[in-house]
Amino acid sequence: MTQYLVDLTVKPEVKAFFDPATNTISYVVKDPASTSCAVIDSVMDIDYAAGRITYTHADAMIAYIREHGLQLEWIIETHVHADHLSAAPYIQQKLGGKIGIGENILVVQDTFGKIFNEGTEFQRDGSQFDKLFRDGDTYHIGKMQAQAIFTPGHTPACMVHVMGDAAFVGDTLFMPDGGSARADFPGGDAATLYDSIQKLLTLPDATRLFMCHDYGPNGRDIQWETTVGAEKEHNIHVGHGTTKEAFVKLRTERDATLAMPRLIIPSLQVNMRAGEIPTDKDGRPMLKVPVNGL
């Protein structure tokens, strides 16, 4: 049973931003008692075929924060995403705030530093981020206390961030009809993901859960908000008391059928650097393509 240290009766204001190119939902989360806010899982746009970076999605979030007179205090990454690039440093340059991620970013940096054959100039100590959260760490967004909960399984660095009655789950869980995220990336594990989901579901049933991705199963409209109670009752992978053994079998069999995410190669290189694009020896932005490395 996880000890939640935040006031679960506080109701933050949540504004969602959907990116159709990657099916990612980013959020601006406002403290109801002040003008302070946080950004969760931002997106930097990339035309991978053309090698072109733009910031339309991030600019929309920046415009919203400015228009509403908000003060950005935190830029949170729930994990090192494999399907979209983070715009964290771009947003930080425009609005300030601290960039935070789970402390197991060091594991991810070590793993993918080897896969991408990074040199010694790539620091594998998480120093690209302003804050490395440990399990149970608390922090403040204005007057609202938030807590980071370690939820590995999809990746070894996944964390759920609980802010009042809202929890931002990253890829730990999908909408009830979407089930759960894959667990076959390096460092992922289906049994560990099951345990993390069970930890998340110890929150009160009325707790709002906000997804990082949604793919509109069976042609329904895109959705991103549900509750702990709805997940416990209806989630197609873990609802109705699904056992760990059944989940691991389902997850493992399903993962074996999945293709690699379209943007995994640029995403990992950028996101393990807190959203910074790597450069070559002459300082030019440059991405690598490891052959038979993933």
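Refer to the preceding data block for the structure.
Not measured: the values here are computed from a predicted model. (Residues numbered from 1 in each chain as written. Predicted model: local features only at pLDDT ≥ 70, side-chain atom pairs only at ≥ 80, totals over all residues. Heavy atoms only, no water.)

Q: Would you mind going over the nonpolar core with me for this structure?
A: Generally speaking, nonpolar side chains in soluble globular proteins are found buried as a group. By size, the foremost hydrophobic cluster in this structure holds 38 residues, and its most contacted members are Val28, Val39, Ile65, Leu72, Ile75, Ile91 and Leu268. The set of elements that each furnish at least two residues to this core consists of strand E3 (36–40), helix H1 (56–67), strand E6 (71–76), helix H2 (88–95), strand E7 (98–102), helix H3 (105–115) and helix H7 (264–271). Here Ile75 is in contact with Val39, Ala88, Ile91, Gln92, Gly96, Lys98, Ile99 and Gly100, once residues within four sequence places are set aside. The next biggest cluster of nonpolar side chains, apart from the first, holds 22 residues, and it includes Val162, Leu173, Met175 and Val238. (Core = buried A, V, L, I, M, F, W, Y, C linked by side-chain atoms within 4.5 Å. Buried < 20%, exposed > 50% of the residue type's maximum accessible area, 1.4 Å probe, protein only. Helix = DSSP H or I, 4+ residues; strand = E, 2+ residues; numbered from the N terminus. Contact = heavy atoms within 4.5 Å.)

Q: Sorry, what's going on with the packing of aromatic side chains here?
A: Geometrically, a pair of aromatic rings is defined through the distance of the ring centres and the angle of the planes. Taken as a whole and judged by the stated rule, the model has ten aromatic pairs. Plain terms: the ring middles of Tyr27 and Phe210 are 5.4 Å apart, the flat faces sit at 70° to each other, and that makes the pair edge-to-face. Here the residue Tyr27 occupies a position in strand E2 (residues 24–30), and Phe210 occupies one in strand E13 (residues 208–210), the gap between them amounting to 183 residues. Like Phe210, Tyr27 is buried. Cluster of aromatic residues (ring-pair linked, three or more members): Tyr27, Phe168 and Phe210. One Lys or Arg, Lys15, reaches over the ring of Phe17 and ends 5.8 Å from the middle of that ring. Over the ring of Phe122 we find Arg273, and its NZ or CZ is 4.7 Å from the ring centre. (Phe/Tyr/Trp six-rings, centres within 6.5 Å; stacked < 30°, edge-to-face > 60°. Lys NZ or Arg CZ within 6 Å of the ring centre and 35° of its normal.)

Q: Explain H3 here, please?
A: Among the residues making up H3, those that are buried are Ile105, Val108, Gln109, Phe112 and Gly113. The buried residues of H3 occupy one face: seen down the axis, they fall within an arc of 125°. In this structure, the buried side of H3 is in contact with E7, strand E8 (131–133) and H7. Positive phi appears at Asn117, one or two residues downstream of H3, with a value of about 50°. (Arc of directions from axis to C-beta.)

Q: How should I be thinking about H2 in this particular structure?
A: Count 3.6 residues to each turn of an α-helix, and residues three or four apart come out pointing the same way. All buried positions along H2 are accounted for by Ala88, Pro89, Tyr90, Ile91 and Leu95. Tucked inside the fold, the buried residues of H2 contact E3, H1, E6 and E7. Count one or two residues on from H2 and you reach Gly96, which has phi positive near 85°.

Q: Is there a simple way to think about the packing of H1 against H2 in this case?
A: Think of two packed helices as two axes; the pair is described by the angle between the axes and how far apart they sit. Remark: H1 packs on H2, axes separated minimally by 10 Å, with the N-to-C direction vectors making an angle of 30°. Accordingly, the angle class assigned to the pair H1 and H2 is roughly parallel. Considering only the axes of H1 and H2, their crossing is right-handed. Between H1 and H2, the residues in contact are Ala58, Asp59, Ile62, Ile65 and Arg66 and Tyr90, Ile91, Lys94 and Leu95, respectively. Class assignment of the residues belonging to the contact of H1 with H2 gives a composition of six nonpolar, no polar and three charged. (Axes fitted to C-alpha atoms, helices over the stretch in contact; angles between N-to-C directions. Parallel < 35°, antiparallel > 145°, perpendicular 65-115°, else oblique. Left-handed = near helix turned anticlockwise from the far one by under 90°. Nonpolar A, V, L, I, M, F, W, Y, C, P; charged D, E, K, R; others polar.)

Q: Looking at this structure, how should I read the sheet that holds E3?
A: Adjacent strands of a sheet form backbone hydrogen bonds with each other and so pair up, either parallel or antiparallel. An order of E1-E2-E3-E6-E7-E8 is seen for the six strands of this open sheet, with the pairing classed as mixed. The strands lining the two open edges of the sheet, one partner per strand, are strand E1 (13–19) and E8. Pairwise comparison of adjacent strand axes, ignoring direction, gives a mean angle of 25° for this sheet. Its contacts with the sheet put H1 on E1, E2, E3 and E6, and the angle it makes with E1 is roughly 160°. (Pairing = 2+ DSSP bridges.)

Coordinates in, geometry out; function isn't part of it.
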